[in-house]
Amino acid sequence: MTVSGGPPPLPRLPSPSWPVTTTAHKVPAGGPRGAGGGPSGPGAGSTAGLGATVTVWRQLTAGLGYAWADSFPGGTSQEQAGVLVQKADGTLAWRRVIDGVSGTLTGGTASFDYAKLVAPGEKLLAAAHTHPYDASEGGHKDVSFSGADLARMTSVPEPQHYMRAGDSLFMIAKTPEFEKLVTITGEAKLNGEMNKTWNDTFTAGTGTIQERSDAATKAVCHQYHLDYYKGTGETVSKVDTAK
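This text gives an overview of the structure that appears in the document. (Residues numbered from 1 in each chain as written. Predicted model: local features only at pLDDT ≥ 70, side-chain atom pairs only at ≥ 80, totals over all residues. Heavy atoms only, no water.)

### Focus: the packing of helix α4 (residues 176–185) against helix α5 (residues 187–204)
Between α4 and α5, the least distance of the axes is 7 Å, while the angle of their chain directions is 120°. Taken together, the residues of α5 that come into contact with α4 (itself represented by Phe178, Leu181, Val182 and Thr185) are Glu187, Lys189, Leu190, Glu193 and Met194. Among the residues forming the contact of α4 with α5, the class breakdown is 5 nonpolar, 1 polar and 3 charged. (Axes fitted to C-alpha atoms, helices over the stretch in contact; angles between N-to-C directions. Helix = DSSP H or I, 4+ residues; strand = E, 2+ residues; numbered from the N terminus. Contact = heavy atoms within 4.5 Å. Nonpolar A, V, L, I, M, F, W, Y, C, P; charged D, E, K, R; others polar.)

### Focus on helix α1 (residues 58–69)
Here α1 contains 12 residues, and its C-alpha end-to-end distance of 17 Å stays within 8% of the 16 Å for a straight helix at 1.5 Å per residue. All of the buried residues along α1 are Leu60, Thr61, Gly63, Leu64, Ala67 and Trp68. Taken down its axis, α1 places every buried residue within 160° of arc, on the same side. The outward face of α1, more than 90 degrees from its buried face, is lined by the exposed residues Arg58, Tyr66 and Ala69. Considering only its buried residues, α1 is in contact with β3 (81–86), β4 (92–96), β7 (123–130), β8 (160–165) and β9 (168–174). (Expected span 1.5 Å × (residues − 1). Buried < 20%, exposed > 50% of the residue type's maximum accessible area, 1.4 Å probe, protein only. Arc of directions from axis to C-beta.)

### Comments concerning the pattern of salt bridges
Counted by the stated rule, this structure contains 11 salt bridges. Notably, a salt bridge pairs Asp113 with Lys116, separated by 3.9 Å at the nearest N-O pair. What makes Asp113 buried here is its relative accessible area of 6%. On the basis of relative accessible area, Lys116 is assigned to the exposed category, the value being 58%. (Salt bridge = Lys/Arg side-chain N within 4 Å of Asp/Glu carboxyl O.)

### With respect to unusual backbone geometry
Despite not being glycine, Asp142 has its phi angle at roughly 60°, a positive value. When you line up the elements, Asp142 lands in the loop between β7 and α3 (147–151).

### Brief notes about the packing of aromatic side chains
This model, assessed by the stated rule, comprises 5 aromatic pairs. Taking 5.4 Å as the distance between ring centres and 85° as the angle between the ring planes, the aromatic pair formed by Trp68 and Phe72 counts as edge-to-face. We classify Trp68 as buried; its relative accessible area is 13%. A centroid spacing of 6.3 Å and a plane angle of 65° characterise the contact between Phe145 and Phe170, whose relative ring orientation is edge-to-face. With Phe145 in the loop between β7 and α3 and Phe170 in strand β9, the pair connects residues that are 25 residues apart, well separated along the chain. (Phe/Tyr/Trp six-rings, centres within 6.5 Å; stacked < 30°, edge-to-face > 60°.)

### Description of the sheet that holds β8
Across the sheet, 8 strands lie side by side as β2-β11-β10-β9-β8-β7-β3-β4; this open sheet has mixed pairing. Sheet topology places β2 (53–55) and β4 at the edges, where each strand pairs with a single neighbour. Pairwise comparison of adjacent strand axes, ignoring direction, gives a mean angle of 25° for this sheet. In the sheet, strand β10 (residues 226–232) pairs with strand β11 (residues 235–238) via 4 bridges, with the strands oriented antiparallel. Paired with Lys230 across the strands is Ser237, a residue of β11. Lying over the sheet, helix α6 (residues 209–224) contacts β9 and β10, oriented at roughly 145° with respect to β10. (Pairing = 2+ DSSP bridges.)

So, in structure tokens, the structure goes:
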């Protein structure tokens with residue numbers, strides 16, 4: 001995965017000017033993929049302060065519901081994506097990635113063009129995408145984040161990222177300690193390290209693809225200070241990544 005970069009989350013966006021696209025990837029059914037690297041961070045430190053349980057914005061869960069319904073065009077998996085923004089008047093809006101307009105939806109993956117998804121004066125609250133697997137890929141449901149999904153957090157502006165897979169909803173949130181690691185280590189190096197940690201854990205794991213992807217996600221979130229949540233519907237609960 002190639003990530004073109006971007007600044008850390010901003011409290012308000014006077015004029016979006018991030019380098020255009022970043023790509024999300026599902027867990028490949030045949031095994032992991034991603035850049036190499038090595039571990040750098042200690043264990044989990046501070047948190048994003050969201051609490052043990054998060055009630056997800058209804059606009060986001062509804063938007064992801066439609067996105068999931070559109071994730072199998074012609075029976076073939078295709079990730080869908082979007083962002084949740086707070087407009088200048090305080091109202092919330094879900095904006096889908098439109099292929100060729102505000103990102104790309106090709107080759108099974110989704111890319112975000114944040115400058116076209118977030119207008120001047122709006123605040124980016126979260127981004128999200130789907131993880132569909134069609135019959136040729138095993139028809140898997142409830143598969144957690146991929147290494148590429150986690151590693152891209154080094155260079156994207158959203159403070160939280162959600163992912164819908166079947167009936168399951170997953171979320172990762174940046175913490176102050178994660179932001180420090182990005183500054184100290186650098187986006188590209190940390191991206192590679194996070195991918196390697198995920199890949200190594202996934203490869204060494206046992207059980208189903210769901211169990212292995214969950215273990216790999218927990219390992220990365222614990223090592224690099226991302227908060228990890230799982231749930232269904234409009235509620236996600238924090239995962240103890242030390243277990």
